[in-house]
Amino acid sequence: MPVTALRATSTAQNGVGAFILQCKRLDFHYCDKWGSSRGMNTFLRSPLIASFAKAHPQIVIHISPRPNAHPIIRGSYINGREKVICVRNLEKEQILQKVELLRDANGEKVKRVKGGRVVGSVNEGVRGVWDPFHTKEYRGIG
C-alpha cells in the first residue's frame, strides 16, 4: 500500500506565523557641498545601498538632497512613528551599521527599565543582596 503525503498549506494567521519587518521606509538626506556629508555621499555611490535594497525589498528607500544641512537617515515604521539618526562625519561602514540599527528597530520609544537591580522582587530579601566581597576568603577569616 503506497504512502501518500498530506498536503499541508499554511493559512494566514494575521501575522502570527510570519515575521513582519517593522521598518517600512528609509529616507536618506544629504548635502553635496558640506564636508559632513562626505561619508553619506560615498555610501550612496557605493554598492552597499544597492545590496541592502536588494536584500530588503519590503523597505522603501528614498534618497533626496538636503542642502546646507547635516546628513540624516529617517526610518518610518508601521506604527506611525519615525526615528532620525544624524550621520555627520561617519564613514560608509558606520552608516551601514546605523541603517541596520534603524531596520531592526520597532519604532517604539526607548523605555527605561525601572529599578537598577537585575533581580526584581516584591519582597526584599532578609539577608540582603549577595556580594562576592562578603566571603570569608575576602575578609581574611579562616
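Below: a short report on this structure. (Residues numbered from 1 in each chain as written. Predicted model: local features only at pLDDT ≥ 70, side-chain atom pairs only at ≥ 80, totals over all residues. Heavy atoms only, no water.)

Next up on the list: helix α1 (residues 38-45). Every buried residue of α1 is accounted for by G39, M40, N41, F43 and L44. Each element contacted by the buried residues of α1 is listed here: β1 (23-30), α2 (47-55), β2 (60-65), β3 (72-77) and α3 (92-104). (Buried < 20%, exposed > 50% of the residue type's maximum accessible area, 1.4 Å probe, protein only. Helix = DSSP H or I, 4+ residues; strand = E, 2+ residues; numbered from the N terminus. Contact = heavy atoms within 4.5 Å.)

Now for the packing of α1 against α3. Relative to each other, α1 and α3 sit at 75°, their axes nearing to 8 Å. By the criterion of interaxial angle, the relationship of α1 to α3 is roughly perpendicular. On α3, the residues touching G39, M40, T42 and F43 of α1 are K92, I95, L96 and V99. Grouping the amino acids of the contact of α1 with α3 by side-chain chemistry returns five nonpolar, two polar and one charged. (Axes fitted to C-alpha atoms, helices over the stretch in contact; angles between N-to-C directions. Parallel < 35°, antiparallel > 145°, perpendicular 65-115°, else oblique. Nonpolar A, V, L, I, M, F, W, Y, C, P; charged D, E, K, R; others polar.)

Moving on: the side chain of D27. Relative to the elements of secondary structure, D27 occurs in strand β1. At a separation of 2.7 Å, a polar atom in the side chain of D27 contacts the side chain of R25. When sequence neighbours within four positions are dropped, the list of residues in contact with D27 reads H62, I72, I73 and R74. (Polar contact = N/O pair within 3.5 Å; in protein donor to acceptor, adjacent residues only side chain to side chain.)

Bringing the sheet that holds strand β4 (residues 82-86) into the picture now. Read across the open sheet, the four strands follow the order β2-β1-β3-β4; overall the sheet is mixed. Looking at strand neighbours, the two that pair on one side only are β2 and β4, the edges of this open sheet. Taken over all neighbouring pairs, the strand axes of this sheet differ in orientation by 15° on average, direction set aside. As defined by bridge partners, β1 adjoins β3 across six bridges and the pair is classed as antiparallel. Within β3, the residue paired with R25 across the bridge is S76. Against the sheet, α1 touches β1, β2 and β3, its axis set at about 125° to β1. (Pairing = 2+ DSSP bridges.)

So, about the nonpolar core. Nonpolar side chains in soluble globular proteins tend to end up buried together. Residues L26, F28, M40, F43, I73, I95 and V99 are the most contacted members of the largest nonpolar core, which totals 21 residues. For this core, the secondary-structure elements that each account for two or more residues are β1, α1, α2, β3 and α3. What F28 contacts, discounting residues up to four positions off in sequence, is M40, F43, L44, I49, I61, H62, I63, S64, I72, I73 and V99. (Core = buried A, V, L, I, M, F, W, Y, C linked by side-chain atoms within 4.5 Å.)

That is the geometry; function is a separate question.
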